Amino acid sequence: MFDGIQRRVVSLWFPRLATDRVLRQHPNDAPFVLTLQQKNANRIYCLNAEATRRGLERGMPYSDARAFCPNLQSRPAEPQKDRHFLRILRRWATRYCPWVGLEGDNGLVLDVTGSTHLFGGEDALIADLHHRLERSGISVQIGLADTRGAAWALAHYGQGIIAPSGDTLNTIAELPVAALRLDDETSVGLQRLGLRRISDLASAARAPLTRRFGPNLLLRLDQALGTHPEDITPLAEPPHYGVRLTLPEPIGLTSDVMAGTDRLLRQLCDKLKAQEMGARILCLTLDRVDHGNQKVELRLARPLRDPNRILPLFESGVGAVDAGFGIERLRLEATQVEPLQVEQIGHVSAAQKGALDDLITRLGTRIGLENIHRLLPADSHIPERSFITAPAAYSDPESGWKVTQPRPICLFPPEPIAGTGSNPPDRFRWRRMSLTTGRATGPERISPEWWLEDENWRSGVRDYWRIETRQGRRLWMFYTPQQPGWFVQGEFA
Amino acid sequence: MTYSSLPHFPLKSGRAHEVCGAGAFVFAFALAAHKGGKIIWVREGWEPTQINPNGSIAFVDPADLIICQTKTQSETLAVAEEALRSGAASLVVMTLGKPLGLTEGRRLQLAARDGASTGLAVIPDGMGSNAAETRWRCNPTFDPKDSTHQKWELIKNKSGTLGVWYVRWDTASRRLVMVSPAGN
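All of these numbers come straight from a predicted model, not from anything done at the bench.

Looking only at helices and strands, one finds 4 helices and 10 strands in chain B. Along chain B, from the amino end to the carboxyl end, the secondary structure elements read β-α-β-β-α-β-α-β-α-β-β-β-β-β. Here chain B holds 184 residues, and 52% of them are scored as buried. The contacts in chain B between residues at least 6 apart in sequence include a share of 71% that link residues at least 24 apart.

Next up, the structure:
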């Protein structure tokens, strides 16, 4: 593998990662558990040391646990946050070596080959890990060996042992076979055969074992002993879309700030281009000499990475900034990014489309992007629900409007008028106008959608009529036969 | 006769115009259909009357319509001015509830000139600004045979004469057709 240098691997196991994460924020000495809905019951997902001492265990139904331990405290588990916390720990662990990977849901694996001397040797490294993790309230078990498999075994089953280099088998010989990362079925099967320890397994004949348990068992053994290589996959750092510019002298003019922003924007857009991403929300932070800071946020109507288009959009925000005694540092960060593929530049009206998106962005900074709508078709006969108002920045125009009957050009909440009977009234008053029916077309019956609760449609089915009045107005009126009454709901062209 | 014989229509680009009356929405959509391109419609958020795309599809494709909701009339005017100046939309319609001062009207004209797009303010009757290029009063009229009959009056014109026309909308060709007055 490495010429002359023996590979050394540290395995960290956080047996109570989830509870430690919560208890770091809400310190508590009482028995404490996190519960999760598993197998149709609220079960213990993770528990602290005190709860373990009271005889509780993982996977136990929460109601049983309450019976065992009346003063038990609990919270719902959040596995997503735990995974995120483990990633934070992984990033922290790169202080010991650059090659750190995840081990399952609650462990890390560090390839510390050649970096132990930086911390004063292996014992000192392990002591330092213990010290720092315990101090931050995270319980940990650590194993150090030549291989990933052996380090895992020592972390889980041989607390505190450091396998000397080149002597892996003797160190892990006395550990149970489960320390080889085997599934329960295999380890129980091995115990039934009388192979309880790793030394038993290593000295047994290989062929019958493979025949009986499949190739995985001996693969795990070989990986632990180092005869079969096993990789550690370090996670890639997520790309960070932030750039900054520190100035030797404070600046205050809008044109200077825009020039600085331009420089930052070009760097940022190069980063975005390399990752094929587009910025959705940009945040420009201007640090002032007096340690205050001013923020300019830009929400874009479309993901963008073209500095020439983004820069003019910053103008109104930068113009409103109070520079105070001067600005000495600029920081530009894309706080929300979206995938944006590289596109072939077409000759057909590409500039026109961009102009509309830029306009939506500029209007969005004034009235909020959520107040700029476009109308999308919806599959419903109910007039109010036959279209959807969607934010223009987060939707694309759709076609597929199906109009079978003439519909009014504008709609308003139903306005009651005086009228009786199922035929439209000849004369009626609406909005203080006295109107005479000239021509009535209808009825068109529309039934409420029973599967959706709608306050306005409580009155049952509606018979819609197009009423053209002699005075000119063309109204869309309906009659509700189940609760007799006439209403005006819209106006035609 | 076809639409081309209706004078001053479609309205002059690079200027802001006004329309009032019950048929104002129809006028706006008919103008949008003749102009083509994108339409930005600025309205105040509290207004109960909303555009029904299933009805306006007889005039324009709802995909070309962007609706901006504002809180106050000054915000409406600011948004309309910005939209006019950018020139990204061929028509910017704003619905106003309060009278428009000369300053605001003039600002709209300048913005429309910079962006070479058309502005159209839907105003209540008799509340126009002196800065408007033209002002129209549109009302639907009853016609025994036709359901899109309208009476359009040009009541203010900075560069021409006034007049009254009777029109109807031809949905199939999406064009305005001039007709003789009803009953004659």
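Turning our eyes to something else, we now look at the overall build of chain A. The helix and strand inventory of chain A stands at 14 helices and 19 strands. Within chain A, the fraction of its 493 residues that count as buried is 31%. Counting only contacts in chain A whose residues sit at least 6 apart along the sequence, the fraction spanning at least 24 positions is 56%.

With that out of the way, let us pick up the interface of chain B and chain A. Reports often express the size of an interface as the amount of accessible area lost when the parts come together. The interface of chain B with chain A comprises 39 residues on the first partner and 36 residues on the second. Of all the secondary structure elements, the ones that give two or more residues to the side of chain B that touches chain A are helix H1 (24-35), strand S3 (50-51), helix H2 (53-56), strand S4 (65-70), helix H3 (73-86) and strand S7 (134-140) of chain B. Within the side of chain B that touches chain A, the residues separate by chemical class into 23 nonpolar, 13 polar and 3 charged. One ladder, built from 3 bridges, connects strand S12 (residues 372-377) of chain A with S4 of chain B; its direction is antiparallel. Across the sheet, His373 of chain A pairs through a bridge with Ile67 of chain B, a residue of S4 of chain B.

What follows is about the pairing of strand S14 (residues 410-417) of chain A. Where a strand is regular, its side chains alternate between the two sheet faces. In the sheet, S14 of chain A pairs with S3 of chain B via 2 bridges, with the strands oriented antiparallel. Note that in S3 of chain B the partner of Leu411 of chain A across the bridge is Gln50 of chain B. Here S14 of chain A runs beside strand S19 (residues 486-491) of chain A; their pairing, made up of 5 bridges, is antiparallel. Bridging from a neighbouring strand, Glu415 of chain A pairs with Val488 of chain A of S19 of chain A.

Residue and element names in this part refer to chain A. Reading across from one edge, S3-S2-S4 is the order of the 3 strands in this open sheet, with mixed pairing throughout. Sheet topology places strand S3 (41-47) and strand S4 (73-76) at the edges, where each strand pairs with a single neighbour. Across the sheet, the mean angle from the axis of one strand to that of its neighbour is 40 degrees, orientation sign disregarded. In this sheet, S3 lies alongside strand S2 (residues 32-38) in antiparallel orientation, the contact comprising 6 bridges. The partner of Val33 across the bridge, within S3, is Leu47.

All names here are of chain A. With their axes 10 Å apart at the nearest point, helix H12 (residues 254-274) and helix H13 (residues 307-319) run at an angle of 145 degrees to one another. As H12 packs across H13, the resulting crossing turns out to be right-handed. In this structure, H12 uses Thr254, Val257, Met258, Thr261, Asp262, Leu265, Arg266 and Cys269 to contact H13, whose residues at the interface are Pro307, Ile310, Leu311, Phe314, Glu315, Val318 and Gly319. Its residues placed into classes, the contact of H12 with H13 shows 9 nonpolar, 3 polar and 3 charged.

With that settled, consider H3 of chain B. Residue and element names in this part refer to chain B. In a regular helix each residue adds 1.5 Å, so 14 residues correspond to 20 Å; H3 covers 20 Å between its end C-alpha atoms and thus fits that length. In terms of residue burial, H3 counts as a mostly covered element, since 10 of its 14 residues are buried. For H3, every residue scored as buried is listed here: Thr76, Leu77, Val79, Ala80, Glu81, Glu82, Ala83, Leu84, Arg85 and Ser86.

Attention now goes to the sheet that holds S14 of chain A. The 7 strands are arranged S15(A)-S16(A)-S17(A)-S18(A)-S19(A)-S14(A)-S3(B) in an open sheet whose pairing can be described as antiparallel. Two strands lie at the open edges of the sheet, namely strand S15 (427-430) of chain A together with S3 of chain B, each paired on one side alone.

Below, the discussion takes up helix H1 (residues 17-25) of chain A. Helical geometry: 3.6 residues make up each α-helical turn, so side chains three or four residues apart lie on a common side. Leu17, Ala18, Thr19, Asp20, Arg21 and Val22 of chain A are the residues of H1 of chain A that are buried. On the buried face of H1 of chain A, the contacting elements are S2, S3, S4 and helix H4 (79-93) of chain A.

Attention shifts here to the environment of Ser74 of chain B. All names here are of chain B. The topology assignment puts Ser74 in helix H3. For Ser74, a count of 11 C-beta atoms within 10 Å gives the class exposed. As for Ser74 and Leu96, which are separated by 22 residues in sequence, their C-alpha atoms are 9.7 Å apart.

This part covers the nonpolar core. Counting 101 residues, the largest nonpolar core has Phe27, Ala28, Phe29, Val92, Val93 and Val122 of chain B as the members making the most contacts within it. Examining the composition of this core, we find that 10 residues originate from one element, H1 of chain B, more than from any other. The residues that make up this core include at least three from each of domain 2 (242-366) and domain 3 (410-491) of chain A. Not counting residues within four places of it along the chain, the set of residues in contact with Phe29 of chain B comprises Ile409 of chain A together with Ser56, Phe59 and Val60 of chain B. With 56 residues, the next largest nonpolar core counts Ile44, Ala51, Leu72 and Ala150 of chain A among its residues.

All names here are of chain A. Of all the 8 residues making up strand S17 (residues 462-469), 7 are buried; the element is thus mostly covered by neighbouring parts of the structure. Here 7 bridges tie strand S16 (residues 433-446) to S17, and the two strands are oriented antiparallel to one another. When the bridges of S17 are listed, Thr441 appears paired with Arg466. Where S17 and strand S18 (residues 474-479) come together, 6 bridges link them in antiparallel fashion. Looking at S18, one finds that Tyr464 is bridged to Phe478. Counting the residues in the hairpin turn of S17 and S18 gives 4 residues, including Gly472, whose phi is positive at 120 degrees.

Moving on, we come to the packing of helix H10 (residues 206-213) of chain A against helix H11 (residues 215-225) of chain A. All names here are of chain A. Running from amino to carboxyl end, H10 crosses H11 at an angle of 125 degrees, the nearest separation of the two axes being 6 Å. As judged from the angle between their axes, H10 and H11 are oblique. Together, Arg206, Leu209, Thr210 and Phe213 of H10 and Pro215, Leu217 and Leu218 of H11 make up the contact between the two elements. Looking at the contact of H10 with H11, its residues break down into 5 nonpolar, 1 polar and 1 charged.

Residue and element names in this part refer to chain A. Relative to the helices and strands, Lys295 is located in strand S10 (residues 293-304). You can call Lys295 exposed: it has 11 C-beta atoms within 10 Å. Sequence separation between Lys295 and Gly317 is 22 residues; the distance between their C-alpha atoms is 8.9 Å. Setting aside residues no more than four positions away along its own chain, Lys295 makes contact with Cys283 and Thr285.

Inspection of the secondary structure assignment puts Ser56 of chain B in helix H2. It is 9.5 Å that separates the C-alpha atoms of Ser56 of chain B and Ala30 of chain B, two residues lying 26 residues apart in sequence. Excluding residues within four positions of it along the chain, Ser56 of chain B makes contact with Ile409 of chain A together with Phe29, Ile51 and Pro62 of chain B.

What follows concerns the confidence of the model for chain B. Of all residues in chain B, 96% attain a pLDDT of 70 or more, and the chain-wide mean is 89. Scored as a complex, the prediction yields pTM 0.68 and ipTM 0.90.

The next subject is unusual backbone geometry. Following Gly442 of chain A, the chain continues to Pro443 of chain A via a peptide bond in cis, the omega torsion being -10 degrees. Look at the link from Phe9 of chain B to Pro10 of chain B: it is a cis peptide, with omega at 0 degrees. Here Pro10 of chain B shows up in the segment before strand S1 (16-20). Positive phi values are uncommon outside glycine, yet Lys39 of chain A reaches one of about 45 degrees. Residue position: Lys39 of chain A is located in the loop between S2 and S3. Here Lys39 of chain A falls in the exposed class, since 7 other C-beta atoms lie within 10 Å of it.

Reading guide: rules and limits
- Residues numbered from 1 in each chain as written.
- Chains lettered and ligands numbered in written order.
- Predicted model: local features only at pLDDT ≥ 70, side-chain atom pairs only at ≥ 80, totals over all residues.
- Helix = DSSP H or I, 4+ residues; strand = E, 2+ residues; numbered from the N terminus.
- Buried ≥ 20, exposed ≤ 12 C-beta atoms within 10 Å, placed from the backbone.
- Contact = placed C-beta atoms within 7 Å.
- Nonpolar A, V, L, I, M, F, W, Y, C, P; charged D, E, K, R; others polar.
- Pairing = 2+ DSSP bridges.
- Axes fitted to C-alpha atoms, helices over the stretch in contact; angles between N-to-C directions.
- Left-handed = near helix turned anticlockwise from the far one by under 90°.
- Expected span 1.5 Å × (residues − 1).
- Core = buried A, V, L, I, M, F, W, Y, C linked by C-beta atoms within 7 Å.
- Domains from an automatic or database assignment.
- Parallel < 35°, antiparallel > 145°, perpendicular 65-115°, else oblique.
- pLDDT = per-residue confidence, 0-100.

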